[in-house]
Amino acid sequence: KALFQKNQSDKIAEANAKLQVHESIRLAHIDSLTQCYNRRYLKEQQQHFLQSPYHHKYCFVLDIDHFKQVNDTYGHAFGDKAIQRVAQTLKAVFANAEAQIIRYGGDEFIVWLSSDELMEQHLQKLYERLNPIVVNDDHITNHCTISVGIAKWDGNQSFTKLFEQADQALYEAKKAGRSRYMIHA
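Residues numbered from 1 in each chain as written. Predicted model: local features only at pLDDT ≥ 70, side-chain atom pairs only at ≥ 80, totals over all residues. Heavy atoms only, no water.

*Asks:* Can you walk me through the pattern of salt bridges in this structure?
*Replies:* Opposite charge on two side chains allows them to pair when their charged atoms are near. Overall, the coordinates contain six salt bridges when judged by the stated rule. Put simply, Lys-68 and Asp-72 hold a salt bridge, and the shortest N to O gap is 2.7 Å. Of this pair, Lys-68 and Asp-72 both sit in helix 3 (residues 67–74), four residues apart, which is roughly one turn of that helix. Among the residues examined, Lys-68 registers a relative accessible area of 61% and is labelled exposed. For Glu-172, the salt bridge is made with Lys-175, and the minimal N-O distance between the two is 3.8 Å. A residue pair is termed a helical-turn pair when its members lie 3 or 4 positions apart in one helix, as Glu-172 and Lys-175 do in helix 6 (residues 159–175) at three residues. (Salt bridge = Lys/Arg side-chain N within 4 Å of Asp/Glu carboxyl O. Helix = DSSP H or I, 4+ residues; strand = E, 2+ residues; numbered from the N terminus. Buried < 20%, exposed > 50% of the residue type's maximum accessible area, 1.4 Å probe, protein only.)

Spelled out as structure tokens, the structure:
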């Protein structure tokens, strides 16, 4: 009986150790502010994204317009709430899609969408829900907007090239006046 209990104890300890390892890996891939994937996860998974069985693959790069001004005017706690609001909205918009939402850094997010549906349907929902973003914090309410750059994978380019194209489209959206999206041609 003592041997049986020792074996059971060993099995439980082994199972707990495996759970702790899995939880550590999960936490290493999750941004604590937004509960979205983080840049480390993106780096480790980029090849996997390109191998998705879906025909259409898109990279969205987006950020909050004039975010530095929001932080400077209302404080970093308010800026964090704006970032969290964007993350919540992204999760809601892409809840039924094969999408990975990544907080790339600061107020910048990447959405990797693998879909057999048209990207325009997702983009329309995203744009309707995020422009403007209403952020409330006690006695402060502010309306923020976002800009989005999008690139479609051509089947050959690297993830880095795809990201650069989406980032360039984001830059063009900002240059054209912000609060809009641009699709890399």
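*Asks:* I would appreciate a short explanation of the sheet that holds strand 3 (residues 98–105) in the present structure.
*Replies:* Backbone-to-backbone hydrogen bonds pair the strands of a sheet. The strands run either parallel or antiparallel. An order of 1-3-4-2-7-8 is seen for the six strands of this open sheet, with the pairing classed as mixed. Of all the strands in the sheet, just strand 1 (37–38) and strand 8 (181–183) have a single pairing partner and so form its edges. With two bridges connecting them, strand 1 and strand 3 associate as parallel partners. Among the inter-strand pairings, Asn-38 is bridged to a residue of strand 3, identified as Arg-103. (Pairing = 2+ DSSP bridges.)

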